[in-house]
Amino acid sequence: MSEIHPIEVPKWGMTMEEGTVGEWQVAEGESFSKGAPLCTIESSKISNELEAPFDGFLRRIVVGIGDTLPVGALIAVSA
């Protein structure tokens, strides 16, 4: 059985408190490699691609495009 990993809103700056989920580059059910862009996250100051911290398989996306969440909030689950 594969290990489950959370994918969360990152903190990209000292003052970043929340991020808005933009376009997903990986769909549910697709595999990805470490360093591959998973989605875009926008804050009040920047828009950046969230890169995969490990090789994996995107099991479930739990937020919609345009949802704004606090840093550390769960946005997807991978294995």
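Let me begin by describing the structure that accompanies this report. On a predicted model such as this, the values are computed, not experimentally measured, just so you know.

**Description of the nonpolar core**
Ranked by internal contacts, the top residues of the largest apolar core, which has 19 residues, are Ile 7, Phe 32 and Ile 75. If you list the elements that add at least two residues to this core, you get strand 2 (18–24), strand 4 (37–42) and strand 8 (74–78). Considering every element that reaches this core, the biggest residue donor is strand 4, with 3 residues. Contact partners of Phe 32, with chain neighbours within four places excluded, come to Ile 7, Val 26, Leu 38, Ala 52, Phe 54, Asp 55, Gly 56, Phe 57, Leu 58 and Ser 78.

**Points about the side chain of Ser 78**
You can see Ser 78 is positioned in strand 8. By relative accessible area, which is 0% here, Ser 78 ends up buried.

**Brief notes about the sheet that holds strand 1 (residues 5–8)**
As summarised here, the arrangement of the 4 strands in space is 1-8-6-3, forming an open sheet in which the pairing is antiparallel. Strands with a single pairing partner mark the edges of an open sheet, and in this sheet they are strand 1 and strand 3 (31–32). As judged from the 2 bridges shared by strand 3 and strand 6 (residues 56–61), these two strands associate in the antiparallel manner. Residue pairing for strand 6: Phe 32 is matched across the bridge by Gly 56.

**Observations regarding the sheet that holds strand 7 (residues 68–70)**
Pairing in this open sheet of 4 strands is antiparallel, and the strands run 5-4-2-7 from one edge to the other. In this open sheet, the two edge strands, each paired with only one partner strand, are strand 5 (47–51) and strand 7. For this sheet the average axis-to-axis angle between neighbouring strands, irrespective of direction, equals 40 degrees. The pairing of strand 4 with strand 5 spans 5 bridges and is classified as antiparallel. Each residue of the ladder has a partner; that of Glu 42, found in strand 5, is Ser 47.

**Section: the environment of Gly 66**
Within the fold, Gly 66 resides in the loop between strand 6 and strand 7. According to the relative accessible area criterion, Gly 66 is partly exposed, its value standing at 45%. The spacing of Gly 66 and Thr 20 is 46 residues in sequence and 5.8 Å in space, taken between C-alpha atoms. In this structure Gly 66 touches Thr 20 and Val 21, once residues within four positions along its chain are discounted.

**What about the pairing of strand 2?**
Remark: a regular strand shows side chains that alternate across the two faces of the sheet. Inspection of the sheet shows strand 2 paired to strand 7 by 3 bridges, in the antiparallel sense. Within strand 7, the residue paired with Glu 18 across the bridge is Pro 70. One ladder, built from 3 bridges, connects strand 2 with strand 4; its direction is antiparallel. Bridge assignment links Trp 24 to a residue of strand 4, and that residue is Cys 39.

What counts as what
- Residues numbered from 1 in each chain as written.
- Predicted model: local features only at pLDDT ≥ 70, side-chain atom pairs only at ≥ 80, totals over all residues.
- Heavy atoms only, no water.
- Core = buried A, V, L, I, M, F, W, Y, C linked by side-chain atoms within 4.5 Å.
- Buried < 20%, exposed > 50% of the residue type's maximum accessible area, 1.4 Å probe, protein only.
- Helix = DSSP H or I, 4+ residues; strand = E, 2+ residues; numbered from the N terminus.
- Contact = heavy atoms within 4.5 Å.
- Pairing = 2+ DSSP bridges.
- Axes fitted to C-alpha atoms, helices over the stretch in contact; angles between N-to-C directions.

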